[in-house]
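Remarks on the overall topology
Take a look at the letters that make up each chain.
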Amino acid sequence: MSADLTELSAVRLAEIVRSGEAGAEAVALAHFARLERLEPTVKAFLVVTKDRALSQARAVDEKRRKGGALGALAGVPIAIKDNLQVEGVETTCASNILKGHVAAYDATAVARLKAADAVLIGKTNLDEFAMGSSTENSAFQKTTNPWDPARVPGGSSGGSAAAVAARMVPLALGSDTGGSIRQPAAFCGVVGLKPTYGRVSRYGLVAFASSLDQVGPFSRTVADAALALSVIGGRDPMDATSARREPPPAALSVPKDLKGLRVGLPREYFIAGIDPEVETAVRAAVEVLRGLGATIKDVSLPHTKYAVSTYYILAPSEASANLARFDGVRYGASDRTAKTLEESYELTRGGGFGPEVKRRIMLGTYALSSGYYDAYYAKAQRVRTLMAVDFKEAFSEVDLIACPTTPTPPFRFGEKTEDPVAMYLSDVFTIPSNLAGNASLSIPCGLTAAGLPLGLQLISDVFGETKLLSAASAFEAVRPFPALKD
Ligand code: GLN
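Counting starts from 1 at the beginning of each chain's written sequence and moves along it residue by residue. Local features are withheld for residues below a pLDDT of 70 in this predicted model, meaning they are given only at 70 or higher, and side-chain atom pairs are given and counted only at 80 or more; totals for whole chains, interfaces and linings count all residues. For side-chain calculations, the full set of non-hydrogen atoms in the structure is used, while hydrogens and water are omitted.

1. Structural notes on the sheet that holds strand β5 (residues 191-194)
A pair of strands is labelled paired if DSSP reports no fewer than 2 bridges between them. To qualify as a helix, a DSSP run of H or I must reach at least 4 residues; to qualify as a strand, a run of E must reach at least 2; elements of each kind are numbered from the N terminus. Read across the sheet, eleven strands follow the order β1-β3-β2-β4-β6-β5-β10-β11-β9-β7-β8 without closing on themselves; strand pairing throughout is mixed. Here the strands that pair on one side only, and so sit at the sheet edges, are β1 (45-48) and β8 (295-299). Each strand of the sheet is rotated relative to its neighbour by a mean of 30 degrees, with strand direction disregarded. Contacts between residues were defined by any pair of non-hydrogen atoms, one from each residue, lying within 4.5 Å. Only the stretch in contact is used when a helix axis is fitted, and all axes are lines through C-alpha atoms; the angle between N-to-C directions ranges over 0 to 180 degrees. Sheet contacts for helix α2 (residues 24-42): β1, β2 (77-81) and β3 (119-124); angle to β1, the most-contacted strand, approximately 140 degrees. Along the sheet face, helix α8 (residues 276-291) touches β7 (262-266), β8, β9 (400-404), β10 (440-447) and β11 (453-460) and points at about 55 degrees away from the line of β11.

Pasting the structure below:
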């Protein structure tokens, strides 16, 4: 193989490994060579599991030599966000409180990747417990944006997005509770898919807000996202919220046009305050969809203005309950200087959690406390229902919704760290799909004048991934988007 293996898609890599044109070990080594060159600047990984990866790759090659049938992701190098359990490897969620916590089992999504003969390269950096939009809340390191090292990769799955953008891997897993796959995908110029709530098992994903969390892929092509979803999706008896539905097929058929597709532009998403370069690029992308034959019409999602406030009641409430288990007794770090059990909780949690995580625990504990529960939590649940109804009504008129993924291009380090609300507003366009449970994806749609990536967000109704991915692939075939130069 003379072409650089790191330029190939996951679909293509699996093909050449299956056919024997290249071995899984050679594919892994090519990606490690690139990773080792770029990682000192990008800092996408918390741990690189090279020995394990190379022995997995050799096992794939061995299986082929013995005539065994190889899986859908044969020899494809994949990175895993460090809030998903990979047996025998530390899961830290980029938090000091989980340092030293070695996973005792594989998350279902991870187990399915392994069963499909993928090769796991390492665990990627994130905002602590997936709380943030820039990966700056990691307790361990700052991941940089491969398009501009002075800027953030987005978050919370910043490490996974950056690793795919920098071509250290063709595919990575992330999790999306309020935008954590789509927002970093937009910032890093890659494809990021948040599946429908229930499409992918959450078993082995460290819970942030269980009613919003979804696992999904990052890739450089839409077909790779479809392939990954076909492997990780589907019912899992270990997660009662996983749906009894077959995931969409592995091989995506790319429509040659979008005739008959109705695309809605939500009035409430093209608002004052959105960066002019974002708006221009997204409107141009919508013209590309029109040029492919789609019908474009205005729709309204009237409760959009409550999305961020609703999310910042519900997500912290669930987080405050989910994070109660990190008490220094069962997992990871434990303060051994404490004299009493209560003091041990205080010292472990006080020293183990970072400031954003503590802020969320306090917000959530407050919203759930007696006397405030009805005014905050119960009310937010009702608003969440109204937002789901908004989408249902819109999807009775259109097949897909198109809008920006983020209100701004990737920002600089430190730009929003002093102002939590400014950071929270990064997810103003992504949060509604989590609250309603819809599938949505971000696909690169252009660059700013300064050369920074911008994302188009496409949203479908629940379980509309096939329609979503095929429209995105038609757009991808004609969109103007340059490859990252290095
Ligand atoms: N940025 C949002 C938050 O901080 C969303 C994070 C996520 O999707 N995990 O909660």
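2. Overview of the nonpolar core
In this structure, L73, I78, I80, L113, F129, L289 and L456 are the most contacted members of the largest nonpolar core, which totals 148 residues. If we ignore the near neighbours within four places in the chain, the residues touching F129 are C93, S95, I97, L98, V206, F208, L323, F326, F353 and V357. For our purposes a nonpolar core is just a set of buried Ala, Val, Leu, Ile, Met, Phe, Trp, Tyr and Cys residues, chained together by side-chain atoms within 4.5 Å. Three labels apply to residues, based on accessible area from a 1.4 Å probe with only protein chains included: buried if under 20% of the type maximum, exposed if over 50%, partly exposed otherwise in between.

3. A short note on the site of the ligand
Around the ligand, the surrounding shell holds 15 residues, and the nearest of these are G178, S180, Y311, R360 and D427. Taken by itself the ligand offers 290 Å² of open surface, and the protein chains cover 100% of this. Here a cavity denotes grid points, spaced 1 Å and computed from the protein atoms alone, that fit a 1.4 Å probe unable to get out, and a pocket denotes an open set having protein on both sides within 12 Å along at least 5 of 7 lines; residues with an atom within 4 Å of a point are the lining. Cavities and pockets are treated as containing a molecule whenever more than half of the molecule's atoms lie within 2 Å of their grid points. Judged by the fraction of its atoms near the pocket grid, the ligand is located in the largest cavity. Per-class residue counts for the shell around the ligand are five nonpolar, seven polar and three charged. One heavy atom suffices: a residue is near a molecule or strand as soon as one of its heavy atoms comes within 4 Å of it. Here the accessible surface of atoms and residues is derived via Shrake-Rupley with a 1.4 Å probe, and residues count as covered only by protein chains that are part of the display. Only Asp, Glu, Lys and Arg are considered charged in this grouping, and only Ala, Val, Leu, Ile, Met, Phe, Trp, Tyr, Cys and Pro are considered nonpolar; every other residue, Gly among them, is considered polar.

4. Here's the deal with the packing of aromatic side chains
Working definition: a ring pair exists when centres of Phe, Tyr or Trp rings (six-membered ring for Trp) sit within 6.5 Å. Plane angles under 30 degrees give stacked, over 60 give edge-to-face, the rest tilted. This structure, assessed with the given rule, holds 14 aromatic pairs. One aromatic cluster is present, built from ring pairs that chain together F129, F326, Y331 and F353. Directly above the aromatic system of F463 lies the positively charged group of R245, at a separation of 4.2 Å from the ring centroid. Charge-over-ring contacts are defined here by two conditions on Lys NZ or Arg CZ: a distance within 6 Å of the ring centre and an angle within 35 degrees of the ring normal. Sitting above the plane of the F411 ring, K416 keeps its charged end 4.9 Å from the centroid.

5. Focus on the side chain of S230
Note on placement: S230 falls in helix α7 (residues 222-232). The buried category is assigned to S230, whose relative accessible area is 19%. If we ignore the near neighbours within four places in the chain, the residues touching S230 are P247, P248, P249 and A250.

6. Describing the pairing of β7
With four of five residues buried, β7 lies mostly within the body of the structure. Sheet topology places β7 next to β8; five bridges connect them, and they run parallel. Along β8, the bridge assignment pairs L265 with D298. Handedness is read with the strands pointing away from the viewer; a crossover is right-handed when the path from the first strand over the helix to the second is clockwise. Regarding the hand of the β-α-β motif, the stretch spanning β7, α8 and β8 is right-handed. Direction of pairing for β7 relative to β9: parallel, over a ladder of two bridges. Pairing of V263 across the sheet is with L400, part of β9.

7. Some thoughts on helix α5 (residues 158-165)
A turn of α-helix holds 3.6 residues, and therefore any two residues three or four places apart point the same way. Of all eight residues making up α5, eight are buried, and the element is well covered by its neighbours. Taken together, the buried positions of α5 are occupied by G158, G159, S160, A161, A162, A163, V164 and A165. In the segment just after α5, R167 is the residue with positive phi, at about 60 degrees.

8. Focus: the environment of F353
Relative to the elements of secondary structure, F353 occurs in the loop between α10 (341-352) and α11 (355-368). Residue class for F353 comes out buried when judged on its relative accessible area of 5%. Residues F353 and S211, 142 residues apart in the sequence, show an inter-C-alpha distance of 22 Å.

9. Some details on a nonpolar patch on the surface
Residues V329, L341 and Y345 make up a contiguous nonpolar surface patch of about 280 Å² in total accessible area. A residue is classified by how much of its surface remains accessible, and Y345, at 32% relative accessible area, is partly exposed. Patch definition: residues above 30% relative accessible area lacking any salt bridge, with like charges linked at up to 9 Å and the nonpolar side chains Val, Leu, Ile, Met, Phe, Trp and Tyr linked at up to 5 Å. One side-chain nitrogen of Lys or Arg within 4 Å of one carboxyl oxygen of Asp or Glu is enough to make a salt bridge.

10. Things to note about unusual backbone geometry
Residue S156 is reached from G155 by a cis peptide bond, and omega for that bond is 10 degrees. The residue S156 is located in the loop between β3 and α5 in this model. The phi torsion at D117 lies on the positive side, around 70 degrees, for a residue other than glycine. Mapping D117 onto the fold places it in the loop between α4 (108-115) and β3. We note that F129 has phi near 55 degrees; this positive angle belongs to a residue other than glycine.

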